[in-house]
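Each chain, written out:
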Amino acid sequence: MAAQPIKNMEVKKESFLEFYIHGELKRVNTVGLKPEMTLNDYIRNNLGLTGTKNMCKEGGCGICIVSVSIENPVTKVREVFAVNSCLVSILSCNGWDITTIEGVGNRKKGYHAIQDRIVKLNGTQCGFCTPGMVMNMYALQQSGKTKMADIENSFGGNTCRCTGYRPILDAFKSLAADSDEALLGILPDIEEIKLCKKDGCEKICPTPCATTPKTPLYYDLGSSSELQNVGSVSSEQVWFKVSTVAEIFSIINNPNNENRSYRLIAGNTAKGVYKDMNKRDYYIDISGVSELRTHSLSTTRLTIGANCTLAETMDIFLNIADRDEGFKHLTKCADHLDLVANVAVRNIGTLAGNLMIKYAHKEFPSDVFLILEIMNAKIVIDNGSAVQSVSPATFLNYNLTKSIIRRIEIPPLDNTFFLETYKIMPRAQNAHGYVNAGFLFRVRNNSVVAASIVYGGINPNFVHATAAEKYIMGKQLFNNQNLSVFFQNLSSDIQPNHFLPDPSPEYRKQLAIALAYKFILSLAPETTLSADVRSGAKKLIRPALSTGVQEYTVNEAMLPVGKGVTKLEAVDQASGAAQYTFDLPDAPHQLHAAFVYANFAPGSKLKDIGTSKAMAITGVEAFYKAEDIPGKNTFMAPINPFFYNTDEPLFVATGDFLKFYGQPVGIIVASSRDIAMEASALVEITCDPAQTSPLLTVPAVMAQNATERIHHVNTILPSKIDREAKVKFEGTFNMGCQAHFAMEMQVVQVIPTDDGGLHIQPSTQYIDGVQYAVSDVLKMPANKITITVKRVGGAFGSKLTRSQWTACAAALAAYKLNRPVKMALSMEENMNVIGKRNPAYCTYKVGTDENGIIKYLDQKIYSDVGAYHNCVPVMQTLDALTNTYVSNTFDLEYNFVITDTPASTWARAPGAVEGIAMLENVLEHIAYKTGKDPLDVRMANINPAHTTLLSMINQFIVWSDYRARRKAVDDFNKVNRWRKKGLAVIPISISLQFLVNHYSQISIYHIDGTIAVSHGGVEIGQGINTKVAQVVAYEFGVPIEQIVIRPTDNMISPNNFGTGGALTTESVCMSLKAGCGKLKERIQWAKGIANLPDETPWPLLVKNAWALGVTLTENTMFVQDPNGPNKADYVIYGVCATEVEVDMLTGSHIINRVDLFEDAGDSSNPFVDIGQVEGAFTMGMGYWTIENTVYNHDGRNMTTSTWNYKPPGPKDIPVNFRVKLPSNQPNPSTPYKNKATSEPPTCLGFSVPLAIKDALKSARTQGNPQADGWVPIDGPFTVENIFMKCMNNFNQYRL
Ligand SMILES: Cc1cc2nc3c(=O)[nH]c(=O)nc-3n(C[C@H](O)[C@H](O)[C@H](O)COP(=O)(O)OP(=O)(O)OC[C@H]3O[C@@H](n4cnc5c(N)ncnc54)[C@H](O)[C@@H]3O)c2cc1C
Ligand code: FES
Ligand code: FES
């Protein structure tokens, strides 16, 4: 029955929203509120609760998650769940109880068990993601989902770039009802859990329950008065809250609203996918309409309210499937929904909302649409006077004017129906499908009597594979001849379009056909299948629980150095107290700056910048361009060749050429960040078009023979020349870039000081660089520039030179206007303009003997530096290319190449990742050509001088059970055609040289003997502050709790090298050793003067020294003297074996197991070091498998959001991740016998693509005996790349 509008409906006007935050009632005046204002904006900006972060603002990263308790409109029971506060409009929050990280536990009231666990199990590094992680777990725990498998499955929406997830998952699983005691051996702190019995909800509510408002009501968001008519909208924006369908129609059918635009608000998550939050005249919040949230079951159908959330729908599906034979297939659809978005989105995102995205954007590969269409469901549409039931396919073109989706009706299926769905995604969770597919066949006596085949991700108009459906009707299904024609029909049905950054049409077409084959294999009785193809029938499903080993020994000689100490900041990070630059409160009269971008192809000439429209916006204060810069127009500080080779303009000047798409031409300064960004988009830029197409990659430069872009830097000639070789071959290898994806974007706050200087607080790894660059840009004496940095929310190299850019821009504005200015890049801006890991390309010619021993290797390396050659990792690449193996026959030529992309920049283990990969690729190729085991080839070539490495490898072979597993993998591959395994081992040795300087300052307070330290390193998550505190505690023999670490500061650490290259912690610790030594000497002197006994407690020793006038502070700088006693360079070793399993019919893979030895010397803190190892490996793994940057023909980056750029998620990590820090390997080169760990394991990630290659080798040769099993690496092994290299062909698809 259609819902009739209510005559004379009364709509109550409310001027205040009411909700609780941590039990405290908030009343928010709605006048002037904008629907675009999110809960996240309110929490951070209005309440100053900055523990809740934001980054992507599209539901993709999870750092904004809060827990909410909301009354379910159907059951009237309050439910607790996680939401992404960046997606929720503040106007939706009336009646909500909201808990942010600050309310979960804090310094005053004590910490929650979840916070405690993530601290104890070392689940934080930079800590920027930590509040979101804790809040997701908190909501999960309160909602009663506390099984380990639920927990492991629920973090797909939470990105952590630092940790590699293992410790986070372990921390949370240790709180599970079925927790494995090995995880911690401690049961959950149940006293923390307070059950609320109100209305029988039995949920855990930390606060009083807010009252759900009586509806209908409306909030007038403008200055206008009462509604002129029942439900009619005044000239200003209005937000309605309704609780019946009739109320919806009363409003939208009110004649006074005839020409007014509106939007229904259910979960409001669609804006995470398509950001079309264009202003509407009015909004109707329908989340409380119970009729749209109910469900019922009859013999003929399951009826579900259109606005049931996806999470509710999954529960309903599983419940009904359990109860009713006719709905067994719903389990499969629930599993499919589990792959849609992530928990926080599914908690509020609804069926109808999803369908409406598909309705508005036909190209959207909606999973909801797919499963409804394949189940023969009906969508019931209500226009207020009639209801119409249509199929999902018909719905797409149905006239929905002033209509709503009312409900969904799903018919039962008897046991002659076979249903299956697939979704192939770039990573395991929280990604849209490249192709999704649904198959429903009715089969009797092996003959098809009904067939439905639905695909998403093909082209906007594609729904059914009609020719294939028609062909297969009435045919015997398990017949190779029929199948062959069936696949041909599919091939003609499927005509994919191409819209970047989607994968290629060819892949999507072949994948779609392969999925159909997979479905048919899954139906076929085993007896009809040859044994080897059976492996194609099953989906590649990751085990529910991952596990790991962390093995290390503690060297007790210098405790607490050597002890596993949890990070000093971990508690503050886990409770949201840790403050980052991004969180700094606005200073009085503060303004916000945003870059203005020239969105034109590189090579375009900047003609004019029109700012009149932008300047007309209220709140805009100024626009500055190149000509306004008092000093030099470059943000690059000419410090040393590590960090500077050429100028890079702060803003492109008029008359100059753009070097890459979207290069900044100026900044807008305004009263808020939103206004600055809105105004920035209104600046009108004109350019003379580029004369040539951009060259975006090294292969493109080579193809154009643009030799002027190729610059030779260095050649290492062989000292031994022997061109005689049994085996000779050549090859190429192409590596892409990698976005740093630090969770805290580039951000800076600049405050003018009363002496005409500036106080700058950048999120930077390099205070000296910022000081130098700002000084040059403003022509300001360096001593007037004060810089402090407390901590950085992830950096990985992106905040070495690149943070100078935003710092200079904001400093220019602050200087010109004499007002504080903050500048924070959005995720898209960051991805667009900040350069990435250097892509690289190499060619090689190699000759070996029959055992694979290299006789010669000629390798030419081409490093893509982007538009400016400031970060050229020559030394690191060449070092990695010669280090492990006997290299006196190597002829290595290093070139850098200019391309039309943002300047590449340092990224974790820069150069080393490329160098190791290039050489390991050659060794793998040798093994392939000689037919030897790849590990044996490596052992034969390793430089015998690396005795530590050789001994590590020998231990490792036993520890990882390599030989037996190698055989098992080969045996598996022989009998499985469509599922393959791969195994690869790589060793590394990386040299570390301390040719850099770092300061530290220690101050001891006579009052109580406590100690404060400031040092020249920056805490970026690598644990430097904790290791520093350990060293100081050891040196003075005091408890670590007596030491605090103060921010990095250019007064204390002037002229200090940047933090990076895994050098800083060691270097700072060495400066501390010297400083502590001097202080100890003075304190001992005073002790002698006062004749104090040896057992005098530390506070008294300090007091005594102070009384005798001893200076209790010491500032020391460490710099290596390469020829003297300070010589501190050393080699770091590692070895890693990765085993993967690949589905050759989809290109998806699982990393089944990783065994990893990392040489940490005598680890100074195994907790921190294991965290670094796991995190670095995961970043390397992401680089080689998932992370893919795609540019369009204009050089525009098409992968700038969480929707299309995917770092690894928690279910992409190894299922079994075994890490060992070998014992008894003290490092003689450092005083604390340890080695650096933060970068080298990134290089071990290369074992993943090698393992995939191993699997591919078997697939290629088994499918095509003539085929070359060798697969050149060309960019990351994405699902697309893997599938395309399988050499599948549907002619091979047989039973
Ligand atoms: C990070 C992320 C990842 C995602 N991944 C996937 C994925 O992998 N696969 C996939 O299929 N989807 C995915 N989605 C989409 C997600 O499923 C939708 O955002 C969600 O279902 C929309 O529901 P909503 O209630 O939030 O809609 P809203 O945002 O509230 O509304 C969306 C539109 O629907 C209209 N609308 C809502 N209810 C009705 C109704 N009853 N009748 C008529 N119109 C109505 C609204 O007016 C609005 O125009 C993803 C979303 C995000 C944010
Ligand atoms: S900021 Fe909300 S999910 Fe990323
Ligand atoms: S600790 Fe997770 S992003 Fe840094």
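J.: For this particular structure, what's the right way to read the overall build of the chain?
T.: Helix and strand counts for the chain stand at 35 helices and 44 strands. For a compact globule of 1295 residues, the expected C-alpha radius of gyration is about 34 Å, and the chain comes in at 31 Å, within 12% of that figure. For the chain, the C-alpha atoms occupy an extent of roughly 95 × 80 × 70 Å along the three principal directions. Sorting the 1295 residues of the chain into buried and exposed places 65% on the buried side.

J.: How do you make sense of a nonpolar patch on the surface when you look at a structure like this?
T.: Together, Y552, V554 and L559 give the surface a local cluster of nonpolar side chains, amounting to about 220 Å² of exposed area. Within the element layout of this structure, Y552 appears in the loop between strand 21 (547–551) and helix 17 (570–574).

J.: What exactly am I supposed to notice about the pairing of strand 22 (residues 591–598) here?
T.: The two faces of a sheet get side chains in turn, since along a regular strand they alternate between them. With respect to burial, strand 22 is a largely interior element, eight of its eight residues being buried. Where strand 22 lies against strand 25 (residues 663–670), seven bridges are found, and the strand directions are antiparallel. Bridge pairing in strand 25 links Y597 to P664.

J.: Looking at this structure, I do not really get the site of ligand 1. What am I missing?
T.: Taken together, 35 residues surround ligand 1, and among them N268, T269, T350, D367 and K423 come closest. Between ligand 1 and T350 there is a distance of 2.7 Å, counted from an oxygen atom to a side-chain nitrogen or oxygen. The separation between an oxygen atom of ligand 1 and a polar side-chain atom of K423 is 2.7 Å. Computed on the free molecule, ligand 1 has an accessible area of 980 Å², of which 95% lies beneath the protein chains in the complex. Secondary structure elements with two or more residues in the shell around ligand 1: strand 11 (262–265), helix 10 (343–348), helix 11 (351–360) and strand 17 (404–410).

J.: It is not clear to me how the pattern of salt bridges should be interpreted in this structure. Could you clarify?
T.: Side-chain pairs of opposite charge can arise whenever the charged atoms involved come near each other. Counting across every chain of the model gives 63 salt bridges. The partner of D858 in a salt bridge is R723, with the nearest N and O atoms 2.7 Å apart. Of this pair, D858 sits in strand 34 (residues 854–866) while R723 is found in the loop between strand 27 (710–716) and strand 28 (727–735), placing the two residues 135 residues apart along the sequence. Counted as one network, the salt bridges with shared partners bring together R965, E1139, R1153, D1155 and R1218.

J.: Sorry if this is basic, but what is going on with the nonpolar core here?
T.: Grouped burial of nonpolar side chains is what soluble globular proteins tend to show. Formed by 136 residues in total, the largest nonpolar core has its most connected members in F441, Y455 and F486. The element that contributes the greatest number of residues to this core is helix 16 (residues 505–523), accounting for twelve residues. Counting 54 residues, the second-largest nonpolar core is a separate cluster that includes L121, A578, A739 and V747.

J.: Would you mind going over the sheet that holds strand 44 (residues 1216–1220) with me for this structure?
T.: Two strands in a sheet stick together by hydrogen bonds in their backbones, pointing the same way (parallel) or opposite ways (antiparallel). One open sheet holds the five strands; their spatial order is 21-44-43-42-36, and the pairing between them is mixed. Edge strands, defined here as strands with exactly one partner in the open sheet, are strand 21 and strand 36 (979–992). Neighbour-to-neighbour, the strand axes of this sheet turn through a mean angle of 10 degrees, independent of strand direction. As paired strands, strand 36 and strand 42 (residues 1130–1143) are joined by 14 bridges and run antiparallel to one another. Opposite R979, over in strand 42, you have D1143 as the bridge partner. Relative to strand 36, helix 34 (residues 1247–1263) is tilted by about 145 degrees, and along the sheet it contacts strand 36, strand 42 and strand 43 (1149–1158).

J.: Explanation requested: the state of the cysteines in the structure shown.
T.: Two cysteines joined by a covalent bond between their sulfur atoms form a disulfide. This structure, assessed with the given rule, holds zero disulfides. We note that C308 lacks a disulfide partner, and the nearest cysteine sulfur, in C333, lies 15 Å from it.

J.: Looking at this model, I keep getting lost on the environment of L91. Mind explaining?
T.: Considering the arrangement of structural elements, one finds L91 in the loop between strand 5 (78–84) and strand 6 (97–99). Its relative accessible area of 1% is what places L91 among the buried residues.

J.: Whenever I open this one, the packing of helix 21 (residues 767–778) against helix 22 (residues 803–817) confuses me. Can you help?
T.: The axes of two packed helices give the description: the angle between them and the distance between them. Where helix 21 meets helix 22, the closest approach of the two axes is 9 Å, and the angle between their N-to-C directions is 45 degrees. Between helix 21 and helix 22, the angle falls in the class oblique. Considering only the axes of helix 21 and helix 22, their crossing is right-handed. On helix 22, the residues touching G769, V770, A773, V774, V777 and L778 of helix 21 are S803, Q804, A807, C808, A811, L812 and Y815.

J.: Looking at this structure, how should I read the side chain of E1239?
T.: As for its position among the elements, E1239 is in the loop between strand 44 and helix 33 (1240–1244). R908 provides the closest opposite charge to the buried, unpaired E1239, separated from it by 6.0 Å. In this structure E1239 touches R908, A909, P910, G1061, A1062 and A1176, once residues within four positions along its chain are discounted.

J.: In this structure, what is going on with the packing of aromatic side chains? I would like to understand it.
T.: Aromatic ring pairs: the centre-centre distance and the angle between the two ring planes describe each pair. Under the criterion given, the structure shown has 45 aromatic pairs. Here W239 and Y283 contribute two aromatic rings whose centre-to-centre distance is 5.7 Å and whose plane-to-plane angle is 25 degrees, an arrangement assigned as stacked. Of this pair, W239 sits in strand 10 (residues 238–241) while Y283 sits in strand 12 (residues 282–285), and the two are 44 residues apart along the sequence. Taking 5.4 Å as the distance between ring centres and 65 degrees as the angle between the ring planes, the aromatic pair formed by Y507 and F1283 counts as edge-to-face. Taken as a pair, Y507 in helix 16 and F1283 in helix 35 (residues 1279–1285) lie far apart in primary sequence, 776 residues in all. Residues Y507 and F1283 agree in their burial class; the two are buried. Directly above the aromatic system of Y359 lies the positively charged group of K362, at a separation of 4.8 Å from the ring centroid.

J.: Help me understand helix 27 (residues 947–959), please; the structure alone is not making it clear to me.
T.: What sets the pattern is the α-helix's 3.6 residues per turn: residues three or four places apart point alike. The end-to-end C-alpha distance of helix 27 is 18 Å, a good match for the 18 Å that 13 residues give at a rise of 1.5 Å each. Remark: D961 follows helix 27 within two positions and exhibits a positive phi of approximately 60 degrees.

J.: Any chance you could explain the environment of L682 here in plain terms?
T.: On the secondary structure map, L682 appears in helix 19 (residues 673–682). Given the relative accessible area of 33%, L682 is considered partly exposed. Considered as a pair, L682 and V922 are 240 residues apart in the sequence and their alpha carbons are 51 Å apart. Excluding residues that lie within four positions of it along the chain, L682 makes contacts with G610, K613, A614 and I617.

J.: Got a minute to help me understand the confidence of the model for the chain in this structure?
T.: Reading fine detail from the predicted coordinates is not recommended where pLDDT is low. On average, residues of the chain score 93 in pLDDT, and 95% of them reach the 70 mark or higher. Overall, residues 185–206 carries pLDDT values under 50, and its contacts beyond four positions in sequence, including any with other chains, amount to 41 contacts.

J.: Please clarify how the sheet that holds strand 33 (residues 840–848) should be interpreted in this entry.
T.: As summarised here, the arrangement of the five strands in space is 27-35-34-33-28, forming an open sheet in which the pairing is mixed. Every interior strand has two partners, whereas the edge strands, strand 27 and strand 28, have only one. For this sheet, the mean inter-axis angle between neighbouring strands, taken without regard to orientation, is 15 degrees. Two strands pair when backbone bridges link them, and strand 27 and strand 35 (residues 890–898) are joined in this way by six bridges, in the antiparallel orientation. The partner of T715 across the bridge, within strand 35, is E893. Where helix 25 (residues 912–930) meets the sheet, it contacts strand 28, strand 33, strand 34 and strand 35, and its direction lies at approximately 140 degrees from that of strand 28.

J.: Looking at this model, I keep getting lost on the packing of helix 9 (residues 330–337) against helix 12 (residues 367–374). Mind explaining?
T.: Put simply, helix 9 and helix 12 touch, their axes get as near as 10 Å, and they point 170 degrees apart. In this view, helix 9 runs roughly antiparallel relative to helix 12, as classed from their interaxial angle. Along its contact with helix 9, which presents C333, H336 and L337, the element helix 12 presents D367, V368, L370 and I371. Across the contact of helix 9 with helix 12, the residue classes tally to five nonpolar, one polar and one charged.

J.: Looking at this structure, I do not really get unusual backbone geometry. What am I missing?
T.: Leave glycine aside and you will find that most residues have negative phi; peptide bonds, for their part, are mostly trans. Note that the residue after L500, namely P501, is joined by a cis bond; omega there is 10 degrees. Cis geometry is found at the peptide bond from L559 to P560, where omega equals 5 degrees. With respect to the helices and strands, P560 occurs in the loop between strand 21 and helix 17. One non-glycine residue, K779, adopts positive backbone phi at about 50 degrees. Mapped onto the fold, K779 is located in the loop between helix 21 and strand 31 (785–789).

Calculation notes
Residues numbered from 1 in each chain as written. Chains lettered and ligands numbered in written order. Predicted model: local features only at pLDDT ≥ 70, side-chain atom pairs only at ≥ 80, totals over all residues. Heavy atoms only, no water. Helix = DSSP H or I, 4+ residues; strand = E, 2+ residues; numbered from the N terminus. Rg over C-alpha atoms; globule rule 2.2 N^0.38 Å. Buried < 20%, exposed > 50% of the residue type's maximum accessible area, 1.4 Å probe, protein only. Patch = residues over 30% accessible without salt bridge, like charges linked within 9 Å, V, L, I, M, F, W, Y side chains within 5 Å. Areas by Shrake-Rupley, 256 points an atom, 1.4 Å probe, with all protein chains shown as cover. Salt bridge = Lys/Arg side-chain N within 4 Å of Asp/Glu carboxyl O. Pairing = 2+ DSSP bridges. Near = heavy atom within 4 Å. Polar contact = N/O pair within 3.5 Å; in protein donor to acceptor, adjacent residues only side chain to side chain. Core = buried A, V, L, I, M, F, W, Y, C linked by side-chain atoms within 4.5 Å. Axes fitted to C-alpha atoms, helices over the stretch in contact; angles between N-to-C directions. Contact = heavy atoms within 4.5 Å. Disulfide = S-S within 2.5 Å. Parallel < 35°, antiparallel > 145°, perpendicular 65-115°, else oblique. Left-handed = near helix turned anticlockwise from the far one by under 90°. Lys, Arg positive; Asp, Glu negative; His and termini not counted. Phe/Tyr/Trp six-rings, centres within 6.5 Å; stacked < 30°, edge-to-face > 60°. Lys NZ or Arg CZ within 6 Å of the ring centre and 35° of its normal. Expected span 1.5 Å × (residues − 1). pLDDT = per-residue confidence, 0-100. Nonpolar A, V, L, I, M, F, W, Y, C, P; charged D, E, K, R; others polar.

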